[in-house]
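# Coordinate inspection notes
Here are the chains, one letter per residue:
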Amino acid sequence: KQEVTQIPAALSVPEGENLVLNCSFTDSAIYNLQWFRQDPGKGLTSLLLIQSSQREQTSGRLNASLDKSSGRSTLYIAASQPGDSATYLCAVPSQGGSEKLVFGKGTKLTVNP
Amino acid sequence: KAGVTQTPRYLIKTRGQQVTLSCSPISGHRSVSWYQQTPGQGLQFLFEYFSETQRNKGNFPGRFSGRQFSNSRSEMNVSTLELGDSALYLCASSLRTSDTDTQYFGPGTRLTVL
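These lines cover the structure that appears in this document, whether it is placed above or below. Everything numeric here is computed off the predicted structure, so don't read it as measured data.

Criteria and thresholds
Residues numbered from 1 in each chain as written. Chains lettered and ligands numbered in written order. Predicted model: local features only at pLDDT ≥ 70, side-chain atom pairs only at ≥ 80, totals over all residues. Heavy atoms only, no water. 1 Å grid on protein atoms, 1.4 Å probe; cavity = no way out; pocket = protein on both sides within 12 Å on 5 of 7 lines; lining within 4 Å. Points joined across faces, edges and corners; volume = space filled by probe spheres on them. Helix = DSSP H or I, 4+ residues; strand = E, 2+ residues; numbered from the N terminus. Pairing = 2+ DSSP bridges. Axes fitted to C-alpha atoms, helices over the stretch in contact; angles between N-to-C directions. Salt bridge = Lys/Arg side-chain N within 4 Å of Asp/Glu carboxyl O. Buried < 20%, exposed > 50% of the residue type's maximum accessible area, 1.4 Å probe, protein only.

In this section: the layout of surface pockets. Size it by volume and the largest pocket reaches roughly 570 Å³. Lining of the largest pocket is provided by 21 residues; of these, A:Lys1, A:Gln2, A:Val102, B:Leu43 and B:Gln44 occupy positions nearest its centre. For the lining of the largest pocket, the secondary structure elements donating two or more residues are strand S1 (4–7) and strand S10 (101–103) of chain A together with strand S5 (42–50) of chain B. A volume near 480 Å³ is recorded for the second largest pocket. Lining the second largest pocket are 22 residues; nearest its centre among them are A:Gln38, A:Thr87, A:Lys105, A:Lys108 and B:Gln37. Broken down by secondary-structure element, the contributors of at least two residues to the lining of the second largest pocket are strand S9 (86–93) and strand S11 (107–112) of chain A together with strand S4 (31–38) and S5 of chain B.

Quick look at the sheet that holds strand S3 (residues 19–24) of chain B now. Residue and element names in this part refer to chain B. Across the sheet, which stays open at both edges, the four strands sit in the order S1-S3-S8-S7 with antiparallel pairing between neighbours. At either end of the open sheet lies a strand with only one pairing partner, and these are strand S1 (5–7) and strand S7 (64–68). Strand-to-strand twist across the sheet, computed as the mean angle between neighbouring axes with direction ignored, equals 20°. Direction of pairing for S7 relative to strand S8 (residues 74–78): antiparallel, over a ladder of five bridges. Note on S8: the bridge partner recorded for arginine 67 is glutamate 75.

With that settled, the discussion passes to the pattern of salt bridges. All names here are of chain B. Across all of its chains, the model carries six salt bridges over all chains by this definition. The shortest N-O distance in the salt bridge between glutamate 82 and arginine 63 comes to 3.6 Å. On the criterion of sequence distance, the pair formed by glutamate 82 in the loop between S8 and strand S9 (87–94) and arginine 63 in the loop between strand S6 (53–57) and S7 is long-range, its members being 19 residues apart. The exposure class assigned to glutamate 82 is partly exposed, which follows from its relative accessible area of 42%. Judged by its relative accessible area of 16%, arginine 63 falls in the buried class. Residue glutamate 75 is joined to arginine 73 by a salt bridge in which the shortest nitrogen-to-oxygen separation is 3.3 Å. Put simply, Arg63, Glu82 and Asp85 are held in one network by salt bridges that share partners.

Right under this line is the structure:
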């Protein structure tokens with residue numbers, strides 16, 4: 001059974017700092033891994049999707065890496081801004097070809113001005 | 001292109017009632033998945049529909065059901081509401097053409113059971 005863990009559960013940093021969010025999963029036979037952002041009381045916004053054949057994906061100040069063999073992914077945020085404050089979730093499909101995503105509990109990020 | 005829409009956005013019901021939530025996927029998307037989000041359990045998968053057929057189902061009681069229409073719009077129904085059903089219900093849509101499809105989420109329906 002796939003399980004996803006995110007550490008830390010909460011993180012507070014000053015504006016401008018570079019930071020790394022961690023995600024680990026128990027079953028390395030994944031097809032992809034997706035990072036989402038969720039603002040309070042809102043839905044999820046897809047940030048990056050990394051295919052199993054890729055090592056990393058970049059979008060603006062965000063860079064996500066994937067190491068299937070170790071069951072880990074990281075989301076790197078460069079030059080953080082107060083607008084980056086949100087909960088960040090990672091998710092993997094429960095099994096190949098499945099739309100059923102297994103989510104971590106998320107990391108709540110606060111960027112202080 | 002319009003995103004995933006969910007209606008209503010907020011609902012207040014009492015125990016024992018039933019509720020129906022609606023989700024309209026992104027145009028062209030044929031897969032719709034539903035999730036329940038609570039502070040304690042996080043995001044949990046309810047079910048997925050593709051071409052009007054349920055493809056996957058999570059570990060929820062039979063009080064939770066859903067369906068998908070020919071235009072890919074989906075509804076989920078919860079009967080005999082319990083206090084523990086209070087949650088944010090999210091739906092997501094995707095093309096489901098490969099194993100690398102991004103899932104796009106709607107804003108959610110906040111259900112409060114009193």
